[in-house]
Amino acid sequence: MERIAIIGLGLIGGSIGLALKAAGLKDMEIAGTARTRETLQTAKKRGAIDRAEHTPADAVRDARLVIVATPIMRTKEIFEEIAPALSPGAVVTDAGSTKGDVMRWARDILPPTAFFVGGHPMAGKEQTGIDAAEAGLFRDKPWVVVPSLDAPEPAVRTVIGLAQACGAAPRYMDADEHDSYVAAISHLPLVVASALFSVVFDSQAWPEMASLASSGFRDTTRLASGSAEMAHDIMATNRENVLHWLDRFQQQLDGYRRLIAGDDAASMRHAFERAALERDNYMLNGPPRREPSGPAVERVSFSEILLGSWAAGQFRRQQELLRDAESRAEKDRR
């Protein structure tokens, strides 16, 4: 039995475990660990993991693939804890909503005998925890793959295979590009939803307004119900990008305010018509078509999820042998 380790069994980690089980991968054991015994018991009962481990270090021993699905600010601590226990050739990935800091932590902390490939499944919901996990959470959703500079191709293909086994559509992206884009389409909406709910809730007329609120208010403020820990960690690790898009959003709000305060009815109507038209087009036809800027992502068989990490270990051992040979040759020349 080959081992895959999942550290963190909330909505994302639990859903990854359920998705891998639903994929029918053979000869595979999923070991998991979480902060509470209740979460571990629920994950085992729901079939998201085969084996419950009490510590991250225990979970990753002998694991070919390690998935860190914890809040972002805990990732550094997790890396420090698992680094001594990782097997040579192990592939480590994450599911964090920001990538810049995570890539730096992986480079500085994880041993050279392991390979890190950053990941971010672009899926979720406002409910959190293992009870909200579902096998189909990632189906047809983007899964961003951010390889580290020294990650060999087999390690990258391992994470591609993981995403595809979960039903997602993997795509390559570098860390800076990822953090800038998700600040606009994911992190800014989180701030807006929280601010909108707060401004209404803080009104003395909230009880009366709440009795009138319907789907528009609920849909627009949905993200405010998400994890406060996740929101904090996103803002702390992607501050400059979020502030950039907040400034641009403020400019848009100022523009709409001027239109509403002014007498130009045609311009006001045009602004709302344009937004409605462009959103309807996006909802009907999907994102605008562009030629992909990076390499195409090929289909990876389920077996390559584990075989890829084995090949990565072989690659690392070959590199070490070459370095040893070069070192001996240098000594002989002296």
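Residues numbered from 1 in each chain as written. Predicted model: local features only at pLDDT ≥ 70, side-chain atom pairs only at ≥ 80, totals over all residues. Heavy atoms only, no water.

Chemist: Report on the layout of surface pockets, specifying residues and quantitative values.
Modeler: Here the second largest pocket defines a volume of roughly 420 Å³. In terms of lining residues, the second largest pocket is bounded by 19 residues, among which M103, R107, S148, L149 and D150 are the most central. At the level of elements, α5 (100-109), β6 (115-121), β7 (142-147) and α7 (175-201) are the ones that each hand at least two residues to the lining of the second largest pocket. Per-element tally for the lining of the second largest pocket: the top contributor is α5, with five residues. (1 Å grid on protein atoms, 1.4 Å probe; cavity = no way out; pocket = protein on both sides within 12 Å on 5 of 7 lines; lining within 4 Å. Points joined across faces, edges and corners; volume = space filled by probe spheres on them. Helix = DSSP H or I, 4+ residues; strand = E, 2+ residues; numbered from the N terminus.)

Chemist: Account for the pairing of strand β1 (residues 2-7), naming residues and giving values.
Modeler: Along any regular strand, the residues point their side chains to alternate faces of the sheet. Among the six residues in β1, five count as buried, and that is most of the element. Across six bridges, the pairing between β1 and strand β2 (residues 28-33) is parallel. Pairing of A5 across the sheet is with A31, part of β2. Read from β1 through helix α1 (residues 11-22) to β2, the crossover connection turns out right-handed. Where β1 lies against strand β4 (residues 63-68), five bridges are found, and the strand directions are parallel. Its bridge partner lying in β4, I7 is registered against V68. (Buried < 20%, exposed > 50% of the residue type's maximum accessible area, 1.4 Å probe, protein only. Pairing = 2+ DSSP bridges. Right-handed = clockwise from strand over helix to strand, strands pointing away.)

Chemist: Outline the packing of aromatic side chains, supporting the account with residue identities and numerical values.
Modeler: Applying the stated criterion to the full structure yields eight aromatic pairs. Ring geometry for F197 versus F201: centroids 6.0 Å apart, planes at 15 degrees, classification stacked. Taken together, the positions of F197 and F201, both in helix α7 and four residues apart, correspond to about one turn of that helix. For F201, a relative accessible area of 44% translates into the label partly exposed. (Phe/Tyr/Trp six-rings, centres within 6.5 Å; stacked < 30°, edge-to-face > 60°.)

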